[in-house]
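This is what each chain is made of:
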Amino acid sequence: MNSSNKIEVVKGDITKIEVDAIVNAANSSLMGGGGVDGAIHRAGGPSILEECETIIQKIGKLPTGEVAATNAGNLPAKYVIHTVGPIYGRNPEKENELLANCYSNALKLASELNCRIVSFPNISTGIYHFPKTTAAKISLAAIREFIAKNKTIEKVLLVCYDSENYEILKTEISGKIY
Ligand code: ADP
C-alpha cells in the first residue's frame, strides 16, 4: 500500500466513526470548548475532562502544535489525542509549521500508543479561522510525510464536518488543479 491510499477524506461527525485514536482540535487549557472539542467532550463523557485536568495540573497548558492523549470515554476509540491548532494571524511566521506539527505530533503519539487507524478533524479551520485550502495542503503534506516513514499507522481519516472542507480536501488529495 502506498502512502496516498492510507489517507481517506470522509464527510461526517468525528465522534461517530470507529478508529483507534480520535484527534481533538482543543485549546491550550484542555477544558473543552465549542466546535469539535465540545462535540468530543459531550459524546465522550466526563472521564476525558478528568484526565485533561490531571494533565493541565502537571504541565500548566498545552502549547500550540503539541499533543496529549487521554482515554476516549464513550467514544468509539481507545484514545483521544488532544492538540492545539494555531489561531490564524496570531503568529504569521510560524503558523503553517505549527499546524503541520499538530498532525505529525499526533501521528507520532498515536504510533507510540500502537494505534493503526487515526481520525482528524480539519484543525484550526473553525473558530481559529485558518484558511481552509492552505490548511488542507498543510495537513495532507504533514500526514503524507509521516506515514511514508511509519509502519504502525495504517489509515488516516480526515473527517470533514462541513461541505467546504470536504470539497477542498477531495480536490487536494486527488491532486487536481482548480
Ligand atoms: P479550531 O478552534 O481548531 O478552529 P473548531 O472546532 O472550531 O476548531 O473547528 C475545527 C473543524 O472541526 C472545523 O472545520 C469544524 O467544521 C469541524 N467540526 C466541528 N464539529 C465537528 C465534528 N463533530 N466532527 C468533525 N469535525 C467537526
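Scroll up for the structure.
**Student:** Report on the pattern of salt bridges, specifying residues and quantitative values.
**Tutor:** Applying the stated criterion across every chain, the model contains eight salt bridges. Between Lys-132 and Asp-162 there is a salt bridge whose closest N-O contact spans 3.1 Å. Placement of the pair is Lys-132 in helix 4 (residues 132-148) and Asp-162 in the loop between strand 6 (155-160) and helix 5 (163-174), with a sequence separation of 30 residues. Each of Lys-132, Asp-162 and Glu-164 takes part in a single network of salt bridges with overlapping partners.

**Student:** Tell me about the side chain of His-82, and name the residues and values.
**Tutor:** In this fold, His-82 is placed in strand 4 (residues 79-84). The class for His-82 is buried, based on a relative accessible area of 0%. There is a polar contact of 3.2 Å between the side chain of His-82 and the side chain of Asn-24. If we skip the residues at most four places from it in the chain, His-82 touches Asn-24, Ala-26, Leu-30, His-41, Ile-48, Cys-52, Leu-62, Glu-66, Val-67, Ala-68 and Thr-70.

**Student:** Account for the layout of surface pockets, with residues named and values stated.
**Tutor:** Roughly 520 Å³ of volume is contained in the largest pocket. Going through the elements one at a time, strand 2 (21-26) and helix 1 (35-44) are the ones with two or more residues in the lining of the largest pocket. For the lining of the largest pocket, the element with the most residues is helix 1, which contributes four residues. The residue inventory of the lining of the largest pocket, partitioned by class, reads 11 nonpolar, 11 polar and four charged. Size it by volume and the second largest pocket reaches roughly 170 Å³. Along its surface, the second largest pocket is lined by 13 residues, and Thr-64, Gly-85, Pro-86, Ile-87 and Arg-90 are the ones closest to its centre. Within the lining of the second largest pocket, the residues separate by chemical class into five nonpolar, five polar and three charged.

Definitions and cut-offs
Residues numbered from 1 in each chain as written. Predicted model: local features only at pLDDT ≥ 70, side-chain atom pairs only at ≥ 80, totals over all residues. Heavy atoms only, no water. Salt bridge = Lys/Arg side-chain N within 4 Å of Asp/Glu carboxyl O. Helix = DSSP H or I, 4+ residues; strand = E, 2+ residues; numbered from the N terminus. Buried < 20%, exposed > 50% of the residue type's maximum accessible area, 1.4 Å probe, protein only. Polar contact = N/O pair within 3.5 Å; in protein donor to acceptor, adjacent residues only side chain to side chain. Contact = heavy atoms within 4.5 Å. 1 Å grid on protein atoms, 1.4 Å probe; cavity = no way out; pocket = protein on both sides within 12 Å on 5 of 7 lines; lining within 4 Å. Points joined across faces, edges and corners; volume = space filled by probe spheres on them. Nonpolar A, V, L, I, M, F, W, Y, C, P; charged D, E, K, R; others polar.

Geometry only, nothing functional implied.
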